[in-house]
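Listed here are the chains, written in short residue letters.
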Amino acid sequence: MQWRRWWTATVALCALVTAVAVGLGSAAPAYAIAHGRDAAEGEYPFATKLTMLGIPDGSGGRRDSSCSGGLIAPRWVLTAGHCFKNSRGAHVSRPVARKTVATVGRTDLTGSGGAEATVIKVYQSKVNDVALAQLDRKITGITPMRVSRRAPQVGQALRLTGFGLLNGDDEEVTDRMQVGQFAVTSVTRYELGVAGTAPSRQTSACEHDSGGPYFVPDGTSAVVYGVVSYGPDCPHSGSERSARIDTIASWALGIIGRDGPAPTPTPTAKPFAAPSVTPSPAASRPPAAALPETDKTATRLPYGLSTPVLAGAPAVLVGIALLAGARRRKRWRPRHRR
């Protein structure tokens, strides 16, 4: 009789887990900027993806990688300094790949909108993790971000765009730009602490979101306050570190010269909203706007499936035991794994 009671309890537990998984799986999207949302078509066109093709790996071979960034002038992209470093890990003032392509104004990377240009020169900040990438041609028809000279304030709302991983365990970056909202948690001389606030408290930058801009929207443009630099593995709650922009504004504007827009006072951020977006045919996830209010903290299912794949009751029980007994240790590292 005892084994029957045990078996009945096991079956009931598995059924409960299955029901919860199905409920989450039917609506949970695959996130980049962990627990962010899909950007609407044409939203924040200054957002940039930097694709590095043929980076020396230090052993005679080459590999590809990517970063995020933002257009601050027709021929200049603001990004993270560690996106350009040699095989020994040193930041360098030059492209390190055979070719580095900047894709600007393309919300869905499987499409053909926006524009592309090649990075031909790099300037590294000497005081924080910021780089300026010069393009081989001007990007026209897109309003660049403006560089803030005003110090950010604790509690200030900022938004982030990025083209990074779906989460820290994935291998492929997202095809669609992601957006999240953050709040400033601390301000030091050259860095900001930021923490996710929407759509989830675990909204956080992932690898290859490096260089993505933290900004305040202003119509078709924005004022940029920082770029993604370092933080724990994603997704996570709590603060991570961003390279501050206002304290190096004079250096940045001095380099881009007349090619850059003048800085402006800080505008007031509009409420963060998740517009309804119809994904491209290649996208395998629904827009975040389709999530019910109670599902905003749902996590991505394995392999990007919209419904769970069950491995049987024993696997469920083992998973529950492992989750109850183990806690993943957060590691601070650059968002752009080298």
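Residues numbered from 1 in each chain as written. Predicted model: local features only at pLDDT ≥ 70, side-chain atom pairs only at ≥ 80, totals over all residues. Heavy atoms only, no water.

A. Seen up close, the confidence of the model for the protein chain. Across the protein chain, the average pLDDT comes to 77, with 67% of residues at 70 or higher. Within the model, the stretch residues 10-31 combines pLDDT values under 50 with 40 contacts to residues more than four positions away or in other chains. Of the regions scoring below 50 in pLDDT, residues 265-270 engages in 15 contacts with residues more than four places distant in sequence or in other chains. (pLDDT = per-residue confidence, 0-100. Contact = heavy atoms within 4.5 Å.)

B. Just the sheet that holds strand β4 (residues 76-79), in detail. Spatial ordering of the closed barrel is given by β2-β3-β4-β7-β6-β5, a layout of 6 strands whose pairing is antiparallel. Adjacent strand axes in the sheet meet at a mean angle of 40 degrees when their direction is disregarded. In this sheet, β4 lies alongside strand β3 (residues 62-73) in antiparallel orientation, the contact comprising 3 bridges. Following the sheet pairing, A73 is matched in β4 by W76. (Pairing = 2+ DSSP bridges. Helix = DSSP H or I, 4+ residues; strand = E, 2+ residues; numbered from the N terminus. Axes fitted to C-alpha atoms, helices over the stretch in contact; angles between N-to-C directions.)

C. The arrangement of the environment of P144 in detail. Checked against the element boundaries, P144 lands in the loop between β7 (131-135) and β8 (146-147). In sequence terms P144 and V223 are 79 residues apart; their C-alpha atoms lie 9.3 Å from each other.

D. Quick look at the packing of aromatic side chains. Per the counting criterion, the structure on display carries 5 aromatic pairs. Measuring from ring centre to ring centre gives 6.0 Å for Y44 and F46, while their planes differ by 40 degrees; the resulting arrangement is tilted. Pair check on accessibility: Y44 and F46 agree, each one buried. Seen in terms of ring centroids, F182 and Y214 are 5.3 Å apart; in terms of plane orientation they differ by 85 degrees. Their pairing is edge-to-face. You can see F182 sitting in strand β10 (residues 178-187) and its partner Y214 sitting in strand β12 (residues 213-218), a full 32 residues away along the chain. The class of Y214 is buried, set by a relative accessible area of 0%. Each residue in the set Y44, F46 and F215 is aromatic and connected to the rest through ring pairs, giving one cluster. (Phe/Tyr/Trp six-rings, centres within 6.5 Å; stacked < 30°, edge-to-face > 60°. Buried < 20%, exposed > 50% of the residue type's maximum accessible area, 1.4 Å probe, protein only.)

E. Examining the pairing of strand β2 (residues 47-56) more closely. Among the 10 residues in β2, 7 count as buried, and that is most of the element. Pairing of β2 with β3 involves 8 bridges; the strand directions are antiparallel. The residue of β3 that forms the bridge with P56 is R62. Here β2 folds back onto β3, and the loop between the two strands holds 5 residues, one of which, G58, carries a positive phi near 90 degrees. Note that β2 and strand β5 (residues 99-104) share 6 bridges and pair antiparallel.

F. Representation of unusual backbone geometry within the structure. Looking along the chain, the bond that leaves A198 and enters P199 is cis, with omega of 0 degrees. In this fold, P199 is placed in the loop between β11 (191-198) and β12. Geometrically, the link from C234 to P235 is a cis peptide bond, its omega value of -5 degrees lying close to zero. Tracing the chain through its elements places P235 in the loop between β13 (221-231) and β14 (239-244). The phi dihedral of Y44 falls on the positive side, at around 50 degrees, and the residue is not glycine. Position of Y44 among the secondary structure elements: in the loop between β1 (37-38) and β2.

G. The state of the cysteines, seen in detail. Considering all chains together, one arrives at 2 disulfides under this definition. Two residues, C67 and C83, share a disulfide whose sulfurs are 2.0 Å apart. Looking along the S-S bond of the C67-C83 disulfide, the torsion reads about -95 degrees, which is the left-handed sense. In this pair, C67 is assigned in strand β3 and C83 in the loop between β4 and β5, connecting sequence segments 16 residues apart. (Disulfide = S-S within 2.5 Å.)

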